[in-house]
Amino acid sequence: MRVENSVPQDLIVDIFAKLPVKSLIRFMCLSKSCYQAISDPQFFHLHLHHSNQSNKHFVVQISGCPLTLQSLSFCDHQLLREPVTLDPQIPLLPSLWREIVGSCNGVLCLITYSQSMPSLGILNPSIKKLKLVLFPNLADSFRFSRGIYRSVDGRRFRTEIGFGFDSCTSDFKIVIIFWEIHSQIWRQVQVYSLRQDSWKVLSNVPNFLYNLYEPQVVVNGAFYWFVNSAISDCYSILKFDFTDETFKEIKMPDCFYEDLRFVNDFFSLGEVKGKLSLPLCLVESSSADDSLEMWMMEDSGWVRQFVVNVSRLYEPKCLAMNDEVMLLLTCPRVGPGHILSRDLKTLELTDHGVEEQSPCAFTYTPSLALLGEEN
């Protein structure tokens, strides 16, 4: 008697949802019914939910060519000491990928630069699936060189890229903002849809005059940048919603504008339990340590959650948290970065060194995304 016929289908799906991705890929070859169950789009969301609870990682990019990563598990708080290099493991993945633009639902967005045009890639490392995406051009009269678009009249343009997931259509999207360096005027915004495999130019984009800065973060179907107004010279946060493809400006907490002890360079963005978080560094001239205040965006506005003492001149770069641990990547002005893990029950703070001068970090959860996509 076949085992799968003697076990209720709902129970099989529930068991599959708790398994790692590598095991599921093997089970897809077991039978037609297993293949159908695992490749069902609804199963992707169910498995991702369980994976977010038990298999989430804090990943630090420690070098750019080839892409080399270190990860810290949310479950055991142990740093993976042996770096993982993506390139040899992924078919069609060239060794020239320089940067990870974003991470969402188990998928990474990669970028590399050449003399002629940048290249984008949408990658699921867990299933070794890569989708190459042609970079859109601003206009035929523009030429790309060394990360900058140049027009025939001498104007220079940069791009800012966001990556996320539209839960209403189950579609991964990329947004690119083309803005003039001298005036900060946004010339054009384009959005790529993986489902449609095409770019489109957004109309009715507000005439923003912003400088856009890192760090950036994707939270619940929206991408967030730090921005600085070219008119008022004030910092704020810019939100792009991947579902309705609109922008919205969000003010920082009032204390950021009122308390001069908050250093403008010492802040970050993070995702905490599906909400936007904002670590702000408060510099105390009378103390050997600085304070790091963690704020969270609630329906009513910004709410301060807690304060952590950190060593002086450590800049917060990336923050993530679950019910048990807070993970924070910090970088001093000089020297390698650090990963700080804080046990939220014992309040114990552990410093994990990172051998990199300017690391970046993101959260990653193994998933079955892109399973049905062609390279």
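As a starting point, this report considers the structure included with it. Only a predicted model underlies this, so the values are computations on that prediction, with no experimental measurement involved.

Some thoughts on the side chain of S31
Part 1 of the argument: Within the secondary structure, S31 is located in the loop between α3 (21–27) and α4 (32–39).
Part 2 of the argument: Under the relative-accessibility criterion, S31 is labelled buried at 13%.
Part 3 of the argument: For S31, the side chain forms a polar contact with the side chain of S33, separated by 3.1 Å.
Part 4 of the argument: There is a polar contact of 3.2 Å between the side chain of S31 and the backbone nitrogen of C34.

Quick notes on the sheet that holds strand β4 (residues 99–104)
Part 1 of the argument: What the four strands build is an open sheet, ordered β4-β5-β6-β7; its pairing is antiparallel. Pairing within the sheet leaves two strands with one partner each, and these edge strands are β4 and β7 (129–134). If you compare each strand with its neighbour and ignore which way they point, the axes differ by 20 degrees on average.
Part 2 of the argument: Inspection of the sheet shows β4 paired to strand β5 (residues 107–112) by five bridges, in the antiparallel sense. Following the sheet pairing, G102 is matched in β5 by C109.

Let's talk about the packing of aromatic side chains
Geometry of an aromatic ring pair is reported as the spacing of the ring centres plus the angle between the planes.
Part 1 of the argument: If you walk through the whole model with that rule in mind, you get eight aromatic pairs.
Part 2 of the argument: Linked through ring pairs, F44, F163, F165 and F172 together constitute an aromatic cluster.

A word on the nonpolar core
Part 1 of the argument: Ranked by internal contacts, the top residues of the largest apolar core, which has 48 residues, are L120, I122, I174 and W225.
Part 2 of the argument: Top element by residues in this core is strand β11 (residues 171–180). It accounts for seven residues.
Part 3 of the argument: With 17 residues, the next largest nonpolar core counts I250, C255, F256 and L278 among its residues.

Conventions and cut-offs
Residues numbered from 1 in each chain as written. Predicted model: local features only at pLDDT ≥ 70, side-chain atom pairs only at ≥ 80, totals over all residues. Heavy atoms only, no water. Helix = DSSP H or I, 4+ residues; strand = E, 2+ residues; numbered from the N terminus. Buried < 20%, exposed > 50% of the residue type's maximum accessible area, 1.4 Å probe, protein only. Polar contact = N/O pair within 3.5 Å; in protein donor to acceptor, adjacent residues only side chain to side chain. Pairing = 2+ DSSP bridges. Axes fitted to C-alpha atoms, helices over the stretch in contact; angles between N-to-C directions. Phe/Tyr/Trp six-rings, centres within 6.5 Å; stacked < 30°, edge-to-face > 60°. Core = buried A, V, L, I, M, F, W, Y, C linked by side-chain atoms within 4.5 Å.

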